[in-house]
Amino acid sequence: MSTLIVAALAAAAVGWLLISSNDLFYRISPLPWTGAGVLAVLTIAEAYLAQNTSARIQRKPGALPVQPLAVARFAALAKASSLVGALSAGFSAGLLIWLLLEPTDEAGSSVPVAATTLVAAIALISAALWLERSCRVPDRPEREGDDSDRPTGRH
């Protein structure tokens, strides 16, 4: 979790510096909605995977068994997505703060895009962490009277 916080803070600083120097914002204005859309689609996909994987690992009734390699791939996807979400959230936060402090109408009209992208990035982080948690193997309940650990007396 601390890695995600550091990545978000670093991305916020980089976003702030890039936008505030060289009047970069006015060259790319208006901000596109595609970033928020892509993050939202990834969030929905990972939330679905998290719910489905959790049910399959816990062997709930009606859930098919899950392949161990698929779980490892989902865990890798979750790790990568949480980092992408943290970087996107940090950059969007830095941009949003700059836009809120900039007195122009052009900056004000881009605030909804930056805010939506920030919310979508935070949602992606949440879904990715949920997917990562869903990939854990559940603890086995202790069985009473289980003699499997007892030596058999055979050598």
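Values in this document were obtained by computation on a predicted structure and should not be read as measured data. (Residues numbered from 1 in each chain as written. Predicted model: local features only at pLDDT ≥ 70, side-chain atom pairs only at ≥ 80, totals over all residues. Heavy atoms only, no water.)

### A few points about the packing of helix H4 (residues 68-101) against helix H6 (residues 111-134)
This is how the line gets drawn: Between the N-to-C directions of two axes lies an angle of 0 to 180 degrees, each axis being a line fitted to C-alpha atoms and, for a helix, fitted only over the stretch in contact. Numbering of helices and strands runs from the N terminus; a helix is a DSSP stretch of H or I covering at least four residues, while a strand is a stretch of E covering at least two. Angles are sorted into four bins: roughly parallel if under 35 degrees, roughly antiparallel if over 145, roughly perpendicular if 65 to 115, and oblique for all others. By definition, turning the near helix anticlockwise from the far helix through less than a right angle yields a left-handed crossing, and turning it clockwise yields a right-handed one.
Remark: H4 packs on H6, axes separated minimally by 7 Å, with the N-to-C direction vectors making an angle of 155°. Of the possible angle classes, the one that applies to H4 and H6 is roughly antiparallel. In this structure, H4 crosses over H6, and the sense of that crossing is left-handed.

### Some details on the environment of Ala-123
Quick reminder of the rule: Each residue is assigned to one of three classes by its accessible area relative to the maximum for its type, calculated with a 1.4 Å probe on protein chains only: buried under 20%, partly exposed between the two thresholds, exposed over 50%.
The topology assignment puts Ala-123 in helix H6. Judged by relative accessible area, which is 29%, Ala-123 ranks as partly exposed. Put simply, Ala-123 and Leu-42 are 81 residues apart on the chain and 9.4 Å apart in space, counted from C-alpha to C-alpha.

### Quick notes on the nonpolar core
Using the following cut-off: Nonpolar core, defined: a set of buried Ala, Val, Leu, Ile, Met, Phe, Trp, Tyr and Cys residues in which side-chain atoms within 4.5 Å join the residues together.
In terms of nonpolar packing, the biggest core is built from 20 residues, with Leu-31, Leu-95, Leu-99 and Ala-114 touching the most fellow members. Elements with a contribution of two residues or more to this core: helix H1 (2-20), H4 and H6. For this core, the leading source of residues is H6, giving eight residues.

### Here's the deal with helix H3 (residues 34-57)
Side chains three or four residues apart in an α-helix point the same way, a direct result of the helix having 3.6 residues per turn. Heads up, the rule is: By this rule, a helix spans an expected 1.5 Å times one less than how many residues it contains. Whether two residues touch is decided by their heavy atoms; if any such pair falls within 4.5 Å, the residues are in contact.
The end-to-end C-alpha distance of H3 is 34 Å, a good match for the 34 Å that 24 residues give at a rise of 1.5 Å each. For H3, every residue scored as buried is listed here: Ala-36, Leu-39, Thr-43, Glu-46, Leu-49, Ala-50, Thr-53, Ser-54, Ala-55 and Ile-57. Considering only its buried residues, H3 is in contact with H4 and H6. Following H3 by one or two positions, Arg-59 adopts a phi angle in the positive range, close to 55°.

### Quick word on the pattern of salt bridges
Definition in use: Only one rule defines a salt bridge in this text: a Lys or Arg side-chain nitrogen within 4 Å of an Asp or Glu carboxyl oxygen.
This model, assessed by the stated rule, comprises one salt bridge. Between Glu-132 and Lys-79 there is a salt bridge, with its nearest N and O atoms 3.1 Å apart. Placement of the pair is Glu-132 in helix H6 and Lys-79 in helix H4, with a sequence separation of 53 residues.

### With respect to a nonpolar patch on the surface
Going by this rule: What goes into a patch is any residue over 30% in relative accessible area without a salt bridge, connected to like charges within 9 Å or, for nonpolar side chains (Val, Leu, Ile, Met, Phe, Trp, Tyr), within 5 Å. Per-residue and other accessible areas were derived by the Shrake-Rupley procedure at a 1.4 Å probe size, with only the shown protein chains allowed to occlude residues.
A cluster of nonpolar side chains, Trp-16, Leu-17, Ile-97 and Leu-101, forms an exposed patch at the surface whose accessible area comes to about 420 Å². When residues of the nonpolar patch are traced back to their parent elements, those giving at least two are H1 and H4. If you trace the backbone, Ile-97 turns up in helix H4. Exposure remark for Ile-97: the relative accessible area of 46% places this residue in the partly exposed category.

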